[in-house]
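Next come the chains, spelled out residue by residue.
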Amino acid sequence: MAIMTPKNYNRIYLMNLGTTEEPDWKPITVGISATEVEVEEETEDYYYMDGRGTPESEPATQKITRTFTGHRKVGDPVQDYVFDEMMEDLNKRNTEIIEYNDMIGSGTPNGKKYPATVSIQNDGSGEAQLRQDISFSVTKTGASKKGTVTNLDGTYTWKENLSSFSEPQPVRTRKVEV
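Reference entry: report on the structure contained in this document. (Residues numbered from 1 in each chain as written. Predicted model: local features only at pLDDT ≥ 70, side-chain atom pairs only at ≥ 80, totals over all residues. Heavy atoms only, no water.)

**Here's the deal with the environment of A116**
- Relative to the helices and strands, A116 is located in strand 6 (residues 111–125).
- When the C-alpha positions of A116 and K140 are compared, they lie 4.4 Å apart, and in sequence the two are 24 residues distant.
- When near neighbours in sequence (up to four residues on either side) are disregarded, A116 contacts R93, N94, T95, I97, V138, T139, K140 and T141. (Helix = DSSP H or I, 4+ residues; strand = E, 2+ residues; numbered from the N terminus. Contact = heavy atoms within 4.5 Å.)

**Description of the packing of aromatic side chains**
- The tally for this structure, following the rule as stated, stands at 4 aromatic pairs.
- Between F83 and F136, the aromatic rings sit 5.9 Å apart at their centres with planes inclined by 85°, giving edge-to-face as the arrangement. Taken together, the residues span a long stretch of sequence, with F83 in helix 1 (residues 77–86) and F136 in strand 7 (residues 133–140) at a distance of 53 residues. Like F83, the residue F136 is buried in the burial classification.
- Members of the aromatic cluster, each reached through a chain of ring pairs, are Y13, F68, F83 and F136.
- For the cation-ring pair, K140 lies above Y114, with the distance from its terminal atom to the ring centre recorded as 5.4 Å. (Phe/Tyr/Trp six-rings, centres within 6.5 Å; stacked < 30°, edge-to-face > 60°. Buried < 20%, exposed > 50% of the residue type's maximum accessible area, 1.4 Å probe, protein only. Lys NZ or Arg CZ within 6 Å of the ring centre and 35° of its normal.)

**Side note on the pattern of salt bridges**
- Taken as a whole, this structure holds 7 salt bridges when the rule is applied.
- Two residues, D24 and K26, come together in a salt bridge whose shortest N-O distance is 3.5 Å.
- Of the residues examined, D24 reaches a relative accessible area of 33% and is grouped as partly exposed.
- Judged by relative accessible area, K26 falls into the partly exposed class, the value being 24%. (Salt bridge = Lys/Arg side-chain N within 4 Å of Asp/Glu carboxyl O.)

Following this line, the structure appears as structure tokens:
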């Protein structure tokens, strides 16, 4: 594959408005002018005598949150679900997210899917003459699965890449006679 330089609009985020069994993937793009990622990592330090007090550090936890900001667009399925359904019912805050790069052709792994929780920072505010500002975040709550996203006229499908898991591969040996 050739080296590509994506723009921010090439990374598409999809939210599942359906169920796990019957997903309904909708893009988080309408009215969204910016995304921001925050990665919080904590490490554990271990001090041993043989290291003469110098710490060995290893990652202990990681939290990834993506924030979407922009303007309210009534009629957009994702915004309507976030601000009309999730805002009123905390039990509806768990969802699935797909993020993929649209400049990578279908047929090759171009994205990942993961469980997430939605939090809402701003459901529409600003000065009277301006558009309503909005902001909501998705926080990753589980491991990602790699796969391929296909977009056929606004209908998104997901196919998991089963070979993306690190499963032991059979070892081939050849008998060599001396």
